[in-house]
Amino acid sequence: MLTIGLTGGIGSGKSTVAQWFKKQGVPVLDADKTAHRLLESDPSTISELVSQFGAEIVGDSGEINRTKLGLRVFSDKEARKQLECIVHPRVMKCMLVEQAVLKEAGVKLCLWDVPLLFEAGFENYVDEVWVVWVPRDVQLLRVLKRDKLSLAEVEARIAAQGSLDRKRQLADVVIDNSGSKLETERQLDEIWANMEIDK
């Protein structure tokens, strides 16, 4: 099985590329969705986060309130590191289990959609790293347009994910998503056509 690790940054268009893969019939293991599932319903994860950050991050139904948690960690580098130390290994374990199930079923290719792929060490568990890249000013404008966040909040979230230019240097494949969706899909179609794998 070939495992591709897809990453980028907030506003880079990584989700657009992940959707393209889904349309090709490629299973996509989504780190964010896995993390959300753990925060909503995994007692061990919830308990450890409450122990670390306090009961005020718990929602009405006993799940972790991601908005309250986000406000806490995005403004505090140490708190964010503590959160990542708790959540990232659990996400990794879940995705490795999902991947093993796919492999057992004879799937030849799967995609790991991981925003913090390099930051969390996930690149060590995939065969290729694909980075969705846009210039920083484009990234900033897209997030400001899409999300109800201040400029300072957007800049903090971009900074928390590390430089896209640095990620681009570490990538096996770079998808330039600074143009139109059609241009991005043309790049993907071309790379896909040249991939030497039984799809």
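The coordinates are above.
Figured I'd write up the structure that's included with this text. (Residues numbered from 1 in each chain as written. Predicted model: local features only at pLDDT ≥ 70, side-chain atom pairs only at ≥ 80, totals over all residues. Heavy atoms only, no water.)

Another point: the nonpolar core. Formed by 33 residues in total, the largest nonpolar core has its most connected members in Leu49 and Trp112. Mapped onto this core, the elements with two or more residues apiece are helix H2 (31-41), helix H3 (43-53), helix H4 (66-74), helix H5 (77-104), strand S3 (109-113) and strand S4 (128-133). Per element, the largest residue contribution to this core is eight residues, and it comes from H5. Not counting residues within four places of it along the chain, the set of residues in contact with Leu49 comprises Leu39, Gly54, Ile57, Ile64, Leu83, Ile86 and Val87. Among the nonpolar cores identified, the runner-up in size contains 19 residues, and Ile4, Phe21, Val28 and Leu109 belong to it. (Core = buried A, V, L, I, M, F, W, Y, C linked by side-chain atoms within 4.5 Å. Buried < 20%, exposed > 50% of the residue type's maximum accessible area, 1.4 Å probe, protein only. Helix = DSSP H or I, 4+ residues; strand = E, 2+ residues; numbered from the N terminus. Contact = heavy atoms within 4.5 Å.)

What follows covers the packing of aromatic side chains. Here the distance between the centres and the angle between the planes together describe a pair of aromatic rings. On inspection of all chains with the given rule, the structure shows five aromatic pairs. Ring geometry for Trp20 and Phe21: centres 5.2 Å apart, planes at 85 degrees, overall edge-to-face. Classification of Phe21 as buried rests on a relative accessible area of 0%. Among the aromatic residues, those joined into a cluster by ring pairs are Trp20, Phe21, Trp130 and Trp192. (Phe/Tyr/Trp six-rings, centres within 6.5 Å; stacked < 30°, edge-to-face > 60°.)

Of the residues making up helix H7 (residues 151-161), those classed as buried are Val154, Ile158, Ala160 and Gln161. Seen from one end, H7 has its buried residues packed into an arc of 160 degrees, which puts them on one side. Exposed residues lying more than 90 degrees from the buried face of H7 are Ala152 and Ala159. Elements that come into contact with the buried residues of H7 comprise H4, H5, helix H6 (136-146) and helix H8 (164-170). (Arc of directions from axis to C-beta.)

All told, the structure shown has nine salt bridges when counted by the stated rule. Glu98 serves as the salt-bridge partner of Arg37, at 3.8 Å between the closest nitrogen and oxygen. Here Glu98 lies in helix H5 and Arg37 lies in helix H2, a separation of 61 residues in the sequence. When the shortest N-O distance is used, the salt bridge between Glu48 and Arg90 registers 2.4 Å. (Salt bridge = Lys/Arg side-chain N within 4 Å of Asp/Glu carboxyl O.)

What follows covers the sheet that holds S4. With respect to topology, five strands assemble into an open sheet ordered S2-S3-S1-S4-S5, the strand pairing being parallel. A single partner strand is all that each edge strand has here, and the edge strands are strand S2 (28-30) and strand S5 (173-176). With strand direction ignored, the average angle separating the axes of adjacent strands in the sheet is 25 degrees. Across five bridges, the pairing between strand S1 (residues 2-7) and S3 is parallel. When the bridges of S3 are listed, Gly5 appears paired with Trp112. Along the sheet face, H5 touches S1, S2 and S3 and points at about 165 degrees away from the line of S3. (Pairing = 2+ DSSP bridges. Axes fitted to C-alpha atoms, helices over the stretch in contact; angles between N-to-C directions.)

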